[in-house]
Amino acid sequence: MKVYYKEIIYSIDYVLNDGALDLGDINPLAYTVNSENITLKNPIKQGYTFTGWTLTKLGEATQTPGAPNLATVITKGSIENRQYTANWMANSNTAYKVEHYQENIDGTYTVFETENLIGETDTIVTATVKTYEGYTENTTHTDRVISGTITSDGNLILKVYYSRNEYNLTLIPGANVQSVEGHGNSGLGDGVQLQPVALAPVPGTVQATFKFGQNVDINSVLQTETGYTITFEQWESDNTGVLPNNTNQTTSITMPKGDITLTAKAIRTINNYNYT
């Protein structure tokens, strides 16, 4: 009498934890006691480093995982169903970007500076707000992304927006000047008129607020007086470090990064008449 024994086929299950085998690599799903040594192929995972396999189930018994093994071998003669779990360590050099946008005079925003940074995959990072002269961070911009999770593909982009600061332009009629006037002629300030300042120390003073970099047209109307010639001298700046004096009676200025006061000054000269 002959007795025949059929080999038991044992299963091999893999818990890849979002990893995958490289293209062309295959790990067997079954083996027998007579299978030759099986060296497991190691998986890959974007943004992570594989640290090794651990045996997490043998037969029906859950195993206490030991140290991960980068060179796991199922030796010939092994038995029982098996489950192996892939272990991963997040990379600390995964790329992400921080884009810093500055406001243009028309209210749109343009990327001014981009930081190319690295960090640990799947950790939350927060952009560092920068200081730019004449700008203030716009925390309510709808496209603002101040923090986020570093994605394994390195595609996280944080976005910080900076609005142009607004400053006061004040025009004062000086001696021999009847009135002063002005209006914006660019960007969001286009058409904005300077308005009279109530209870100003000098009657006829006008003022308006503009974002720096916007152009403003200004003009002075000179007094008239019989027997005298009134000649425009200059717009005298109260801060020539940000805006110099200007000798043009009708002119256009670019709003500086700071409040500015311009006083229109004119010279009164007596007329000389020759009689014969």
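Everything here concerns the structure above.
What counts and what doesn't
Residues numbered from 1 in each chain as written. Predicted model: local features only at pLDDT ≥ 70, side-chain atom pairs only at ≥ 80, totals over all residues. Heavy atoms only, no water. Buried < 20%, exposed > 50% of the residue type's maximum accessible area, 1.4 Å probe, protein only. Helix = DSSP H or I, 4+ residues; strand = E, 2+ residues; numbered from the N terminus. Pairing = 2+ DSSP bridges. Core = buried A, V, L, I, M, F, W, Y, C linked by side-chain atoms within 4.5 Å. Contact = heavy atoms within 4.5 Å. Axes fitted to C-alpha atoms, helices over the stretch in contact; angles between N-to-C directions.

Engineer: Got a minute to help me understand the pairing of strand β8 (residues 94-103) in this structure?
Structural biologist: Working note: regular strand, side chains alternate between the two faces of the sheet. Within β8, eight of the ten residues are buried, which leaves the element mostly enclosed by the surrounding structure. In this structure, β8 lies alongside strand β9 (residues 109-119), joined through ten bridges in antiparallel fashion. When the sheet's bridge partners are listed, glutamate 103 is paired in β9 with tyrosine 109. Counting the residues between successive antiparallel strands, the hairpin from β8 to β9 contains five residues, one of them, glycine 107, with a positive phi of roughly 95 degrees. As judged from the six bridges shared by β8 and strand β13 (residues 157-164), these two strands associate in the parallel manner. Within β13, the residue paired with tyrosine 101 across the bridge is tyrosine 161.

Engineer: Where do I start with the nonpolar core in this structure?
Structural biologist: Generally speaking, soluble globular proteins have nonpolar side chains that are buried together. If you look at the biggest cluster of nonpolar residues, it comprises 34 residues, and the most contacted ones within it are Leu169, Leu171, Leu194, Ile218, Trp235 and Leu262. The contact partners of leucine 169, leaving out residues within four places of it in the chain, are Leu194, Val206, Gln207, Ala208, Phe210, Val216, Ile218, Ile253, Met255, Ile260 and Leu262.

Engineer: What is the right way to read the sheet that holds β9 from this model?
Structural biologist: Two modes of strand pairing occur in sheets, parallel and antiparallel, and in both the strands are linked by backbone hydrogen bonds. Taken in spatial order, the four strands line up as β9-β8-β13-β11 in an open sheet, and their pairing is mixed. Single-partner strands in this sheet number two, and they are β9 and β11 (135-137). The mean inter-strand angle of the sheet, taken between neighbouring strand axes irrespective of direction, is 25 degrees.

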